[in-house]
Amino acid sequence: MPEEHPTFDGLGLIPELLSATKRAGYERPTPIQQLAIPPALAGRDVLGCAQTGTGKTATFALPLLQHLDALVSNKPRLRALVLTPTRELAAQISDSITTYGEDLNLWHTVIFGGVSDKPQIAELRRGVDLLVATPGRLLDLMSRGVVRLDDVELFVLDEADRMLDMGFLPDVRRITKALPKDRQTMFFSATMPPQIRRLAEGLLDRPVSVAVAPISSTVDLIEQKVFFVKKADKRKLLVDLLGDPEVEHTLVFSRTKHGANRIVRQLDKAGIAAEAIHSNKSQGARTRALDAFRKGDLSVLVATDIAARGIDVDGVTHVINFDLPNVPETYVHRIGRTARAGASGTAWSFCDAEERSHLASIEKLIDKRIRRAK
Ligand code: AMP
């Protein structure tokens, strides 16, 4: 069990990384950090069952940086690889590594698809110690000889179950085949379906297993309400809810890209500024919308599930499910965007007649009845 009043001091981190946790504003380690950082620092493989929001990025990033720092060479060599499914996650992990590694003399970069590869290639040619990558772009640059994995000593596979959902497992297997056998591996997944468990078994050597924040305990921090509403009345309800001044920083989920665009147009007509993020938007447009939302210049972001997965924006006060997802786990991922790192949050869901069965499956998964709005 994690300690009740833990500190970062007892985990075995070097001063340069302890100062990084202070810089990041972390007062105490989260449960997964307490449980996994010490064995990871000792060189053990780690199997982490944890979703975004638990502090898992620091859990792998701090030990990676500490290992790399222990053996800094004059010319950087690619010694650590972090593989993650989406561009947004890749960019966020890279930003975290920039923060955590500020006092160390290490080089890292991030590569993902959907943008020009030229600056990425230029960075790689200059040499990096650590690379954060999505599978497609990494394979592409490997096949063109820009990236070689022969010197990788540390490998992190992030959000393995999401890799499976997005159809990336064959790519992941091709990448892991190119890794040296002698390495340390950290494997993270929010859920452990059989295919993921098998993948983990093939990649890990006598791992330390850590599991934190079972779905229900995260969900318990979130105040949830469901509104029974006719499909045609959802827009008006959304406008009414967003009109409340207490509803500050809101992520609205739409099942489809077209739906997301439609919601933005309708909010616009009602005088509420909103932007959509989904895979038909250019990377630039997505980044701009996310930055504006992060800075607080934009208070409503409308997202599809894939675009929103793993997006880490502090201070989301409300999540609104304009549509209920037909996969109940998606509901948990969505509402987990609020109540990050232990904060509380509010999640409202619209349920029309056709979505009643989705609601029933969600309530079964989270094992509680969601309050009905009056
Ligand atoms: P992650 O699960 O890695 O996506 O982290 C979720 C959020 O928690 C990010 O905003 C982190 O900066 C934040 N976080 C990570 N570790 C801690 C900590 N020990 N204390 C407070 N916040 C943290």
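Since this is a predicted model, take the numbers as computed values, not measurements. (Residues numbered from 1 in each chain as written. Predicted model: local features only at pLDDT ≥ 70, side-chain atom pairs only at ≥ 80, totals over all residues. Heavy atoms only, no water.)

A look at the pairing of strand 7 (residues 208-211)
Note on strand geometry: in a regular strand, side chains alternate between the two faces of the sheet.
Line of reasoning, step 1. Burial along strand 7 is one-sided: Val208 and Val210 are buried, while Ser209 and Ala211, pointing the other way, are not.
Line of reasoning, step 2. Examined bridge by bridge, strand 1 (residues 46-49) and strand 7 share four bridges and lie parallel to one another. Paired with Gly48 across the bridge in strand 7 is Val210. (Buried < 20%, exposed > 50% of the residue type's maximum accessible area, 1.4 Å probe, protein only. Helix = DSSP H or I, 4+ residues; strand = E, 2+ residues; numbered from the N terminus. Pairing = 2+ DSSP bridges.)

Regarding the environment of Pro207
Line of reasoning, step 1. Looking at where Pro207 falls in the secondary structure, it is placed in the loop between helix 9 (194-203) and strand 7.
Line of reasoning, step 2. Its relative accessible area of 30% is what places Pro207 among the partly exposed residues.
Line of reasoning, step 3. For the pair Pro207 and Ala40, spaced 167 residues apart in the sequence, the C-alpha separation amounts to 9.7 Å.
Line of reasoning, step 4. Discounting residues that sit within four places of it in the chain, Pro207 has contacts with Arg44, Asp45, Val46 and Leu47. (Contact = heavy atoms within 4.5 Å.)

What to know about unusual backbone geometry
Line of reasoning, step 1. Positive phi, close to 55°, is recorded for Glu159, a residue that is not glycine.
Line of reasoning, step 2. Here Glu159 lies in the loop between strand 5 (154-157) and helix 7 (160-165).
Line of reasoning, step 3. Of note, Arg206 is a non-glycine position whose phi angle comes to about 40°, a positive value.
Line of reasoning, step 4. Position of Arg206 among the secondary structure elements: in the loop between helix 9 and strand 7.

Notes on the side chain of Gln224
Line of reasoning, step 1. On the secondary structure map, Gln224 appears in strand 8 (residues 222-228).
Line of reasoning, step 2. Once residues within four sequence positions are removed from consideration, Gln224 is found in contact with Val219, Tyr331, Ile335, Ala347, Ile366, Lys368, Ile370 and Arg371.

Side note on the packing of helix 2 (residues 31-41) against helix 3 (residues 56-70)
Line of reasoning, step 1. At a minimum axis separation of 9 Å, helix 2 and helix 3 run at an interaxial angle of 20°. Regarding the angle of helix 2 to helix 3, the classification is roughly parallel. The handedness of the crossing between helix 2 and helix 3 is right-handed. On the side of helix 2, the interface is formed by Ile32, Gln33, Ala36, Ile37, Ala40 and Leu41, while helix 3 contributes Lys56, Ala58, Thr59, Leu62, Pro63, Gln66 and His67.
Line of reasoning, step 2. Taken together, the residues that form the contact of helix 2 with helix 3 break down as eight nonpolar, four polar and one charged. (Axes fitted to C-alpha atoms, helices over the stretch in contact; angles between N-to-C directions. Parallel < 35°, antiparallel > 145°, perpendicular 65-115°, else oblique. Left-handed = near helix turned anticlockwise from the far one by under 90°. Nonpolar A, V, L, I, M, F, W, Y, C, P; charged D, E, K, R; others polar.)

Some details on the packing of aromatic side chains
Line of reasoning, step 1. Using the criterion set out here, one finds six aromatic pairs in the structure.
Line of reasoning, step 2. With 5.6 Å between their ring centres and 50° between their planes, Phe60 and Phe188 make a pair best called tilted. A residue pair is termed long-range when its members are at least 10 positions apart, and Phe60 in helix 3 and Phe188 in strand 6 (residues 184-189) qualify at 128 residues. Neither residue differs from the other here; Phe60 and Phe188 are each classed as buried.
Line of reasoning, step 3. In this arrangement the basic side chain of Lys234 is found over the ring face of Phe322, its NZ or CZ atom lying 5.7 Å from the centre.
Line of reasoning, step 4. Above the ring of Phe228, the side-chain terminus of Arg356 is found at 3.9 Å from the ring centroid. (Phe/Tyr/Trp six-rings, centres within 6.5 Å; stacked < 30°, edge-to-face > 60°. Lys NZ or Arg CZ within 6 Å of the ring centre and 35° of its normal.)

What about the domain arrangement of the protein chain?
It is common to give the size of an interface as the accessible area lost on bringing the parts into contact.
Line of reasoning, step 1. Assigned domains within the protein chain: domain 1 (8-213) and domain 2 (216-372).
Line of reasoning, step 2. Computed from C-alpha atoms alone, the centre-to-centre distance between domain 1 and domain 2 is 29 Å. (Domains from an automatic or database assignment.)

A few points about the site of the ligand
Line of reasoning, step 1. In the vicinity of the ligand, 16 residues are found, and the nearest of them are Tyr26, Arg28, Gly53, Gly55 and Thr57.
Line of reasoning, step 2. Take Arg28: an N or O atom from its main chain is 2.8 Å from a nitrogen atom of the ligand.
Line of reasoning, step 3. Residue Thr57 places a side-chain N or O atom 2.6 Å away from an oxygen atom belonging to the ligand.
Line of reasoning, step 4. Residues belonging to the shell around the ligand are distributed by class as follows: four nonpolar, seven polar and five charged.
Line of reasoning, step 5. Both domains that meet at the shell around the ligand, namely domain 1 (8-213) and domain 2 (216-372), each give it at least three residues. (Near = heavy atom within 4 Å. Polar contact = N/O pair within 3.5 Å; in protein donor to acceptor, adjacent residues only side chain to side chain.)

Brief notes about the packing of helix 4 (residues 87-100) against helix 13 (residues 283-295)
Relative placement of two packed helices is described by the angle separating their axes and the distance separating the axes.
Line of reasoning, step 1. At a closest axis distance of 12 Å, the pairing of helix 4 and helix 13 adopts a crossing angle of 55°. In terms of their interaxial angle, helix 4 and helix 13 are classed as oblique. For helix 4 against helix 13, the interelement crossing comes out right-handed. Between helix 4, through Arg87, Glu88 and Gln92, and helix 13, the contact on the second element is made entirely by Gln283, Arg286, Leu290 and Arg294.
Line of reasoning, step 2. Here the contact of helix 4 with helix 13 is composed, by residue class, of one nonpolar, two polar and four charged.

Focus on the pattern of salt bridges
Line of reasoning, step 1. Within the structure shown, the criterion is met by 24 salt bridges.
Line of reasoning, step 2. We note a salt bridge from Asp165 to Arg162, for which the minimum N-O separation is 3.4 Å. In this pair, Asp165 and Arg162 are both assigned in helix 7, three residues apart and thus about one turn of the helix distant.
Line of reasoning, step 3. By relative accessible area, which is 10% here, Arg162 ends up buried.
Line of reasoning, step 4. The residue Asp291 makes a salt bridge to Arg294 at a minimum N-O spacing of 3.7 Å. Separated by three residues within a single helix, Asp291 and Arg294 lie in helix 13, roughly one turn from each other.
Line of reasoning, step 5. Here Asp291 falls in the partly exposed class, since its relative accessible area comes to 31%.
Line of reasoning, step 6. Through salt bridges that share partners, Lys231, Lys234, Asp323, Asp352, Glu354 and Glu355 make up one connected network. (Salt bridge = Lys/Arg side-chain N within 4 Å of Asp/Glu carboxyl O.)

Quick notes on helix 1 (residues 15-23)
Line of reasoning, step 1. What helix 1 keeps buried is the set Leu17, Leu18, Ala20 and Thr21. Mapping the buried residues of helix 1 onto a view down its axis gives an arc of 150°, with all of them on the same face. Facing away from the buried side of helix 1 by more than 90 degrees, the exposed set consists of Pro15 and Lys22.
Line of reasoning, step 2. Check the buried side of helix 1 and you find it contacts helix 3 and helix 4. (Arc of directions from axis to C-beta.)

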